[in-house]
Amino acid sequence: MLEPAQENPFPDTSVLGEGPEPHPQLRPVLALIGRWQGRGSGEYPTLEHGFRYEQEVTFSHDGRPFLRYESRAWLIDASGAALRPSGREVGWWRVMPDASLEVVLAHPTGIVETYVGRASGTEFEMATRSVSLTPRAKEVTGMRRRYTLEGGELVVVQEMEAMGQPMQHHLMARLRSRTA
């Protein structure tokens, strides 16, 4: 018979000052830790129309030199009413001693991306080093992302190279902290 499992003694936290102390290597990304929510818009040449969405992003840590990342989005209509679930991704942001970033993101649609980038003040930029696809995943060959902290907001901009199209603008969202 199995012994009952104990509660996780090393939980993640998305609130600075609660839970474990952040690892010193996380200094360049400390301002990202928290829950963010807001609205954005997207477009791409393979889509008939642009779209609007709401998004929530959580950055958390467990005291080691990486962030746990989760993003969920849902489409909204012109009045802001929710239509249906949309993009979703989870992953890890590893922060190196020189403030460079190594990021791994997985999507439920069969796409796994690895990124390299840099944390520089209030800006965090990265580009894919590789994209792996399951047999039925949509063809994505490259991505670039920029996360910028400005005026209490987290601005998220994504460019995509997919389905025979060159790298170009795809998404832009403005998110506000929900933990402040």
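Look up a bit, the structure's there.
Residues numbered from 1 in each chain as written. Predicted model: local features only at pLDDT ≥ 70, side-chain atom pairs only at ≥ 80, totals over all residues. Heavy atoms only, no water.

### Quick notes on the nonpolar core
Working step 1: Grouped together as the largest cluster of nonpolar side chains are 36 residues, with contacts concentrated most on Val29, Phe59, Trp93, Leu101, Phe124, Tyr147 and Leu154.
Working step 2: Here Leu154 is in contact with Leu32, Trp36, Phe59, Tyr147, Thr148, Leu149, Ala173, Arg174 and Leu175, once residues within four sequence places are set aside. (Core = buried A, V, L, I, M, F, W, Y, C linked by side-chain atoms within 4.5 Å. Buried < 20%, exposed > 50% of the residue type's maximum accessible area, 1.4 Å probe, protein only. Contact = heavy atoms within 4.5 Å.)

### Regarding the sheet that holds strand E10 (residues 168-177)
Consider a sheet: its strands pair through backbone hydrogen bonds, and that pairing is either parallel or antiparallel.
Working step 1: Pairing within the closed barrel is antiparallel, and its 10 strands lie in the order E1-E2-E3-E4-E5-E6-E7-E8-E9-E10. Each neighbouring strand pair of the sheet contributes to a mean axis angle of 25 degrees, computed without reference to strand direction.
Working step 2: Sheet topology places strand E3 (residues 66-76) next to strand E4 (residues 82-95); 10 bridges connect them, and they run antiparallel. Each residue of the ladder has a partner; that of Arg68, found in E4, is Trp92. (Pairing = 2+ DSSP bridges. Helix = DSSP H or I, 4+ residues; strand = E, 2+ residues; numbered from the N terminus. Axes fitted to C-alpha atoms, helices over the stretch in contact; angles between N-to-C directions.)

### A few points about the layout of surface pockets
Working step 1: The computed volume of the largest pocket comes to approximately 820 Å³.
Working step 2: In terms of lining, the largest pocket is formed by 31 residues, of which the most central are Ser86, Gly87, Lys138, His170 and Leu171.
Working step 3: Counting residues per element, the ones that place at least two in the lining of the largest pocket are strand E2 (51-60), E3, E4, strand E6 (111-120), strand E8 (140-150), strand E9 (153-162) and E10.
Working step 4: Looking at the lining of the largest pocket, the element that brings in the most residues is E4, giving 5 residues.
Working step 5: Of the residues in the lining of the largest pocket, the class split is 15 nonpolar, 10 polar and 6 charged. (1 Å grid on protein atoms, 1.4 Å probe; cavity = no way out; pocket = protein on both sides within 12 Å on 5 of 7 lines; lining within 4 Å. Points joined across faces, edges and corners; volume = space filled by probe spheres on them. Nonpolar A, V, L, I, M, F, W, Y, C, P; charged D, E, K, R; others polar.)

### Quick notes on the packing of aromatic side chains
Working step 1: Counted according to the given criterion, the structure contains 7 aromatic pairs.
Working step 2: Ring plane angle 90 degrees and centroid distance 5.5 Å describe the contact between Phe66 and Trp92, whose orientation is recorded as edge-to-face. One end of the pair, Phe66, is in strand E3; the other, Trp92, is in strand E4, and 26 residues separate them in sequence.
Working step 3: Its relative accessible area of 19% is what places Phe66 among the buried residues.
Working step 4: Here the aromatic residues Phe59, Tyr69, Trp93 and Tyr147 are joined through ring pairs into a cluster of three or more. (Phe/Tyr/Trp six-rings, centres within 6.5 Å; stacked < 30°, edge-to-face > 60°.)

### Focus on the side chain of His61
Working step 1: One can find His61 in the loop between E2 and E3.
Working step 2: The exposure class of His61 is buried, given its relative accessible area of 2%.
Working step 3: One polar contact links the side chain of His61 to the main-chain amide nitrogen of Gly63, over a distance of 3.0 Å.
Working step 4: Every residue in contact with His61, bar those within four places of it in the chain, is listed here: Pro11, Asp12, Thr13, Pro20, Glu21, Pro22, Leu26, Ile33, Phe66 and Leu67. (Polar contact = N/O pair within 3.5 Å; in protein donor to acceptor, adjacent residues only side chain to side chain.)

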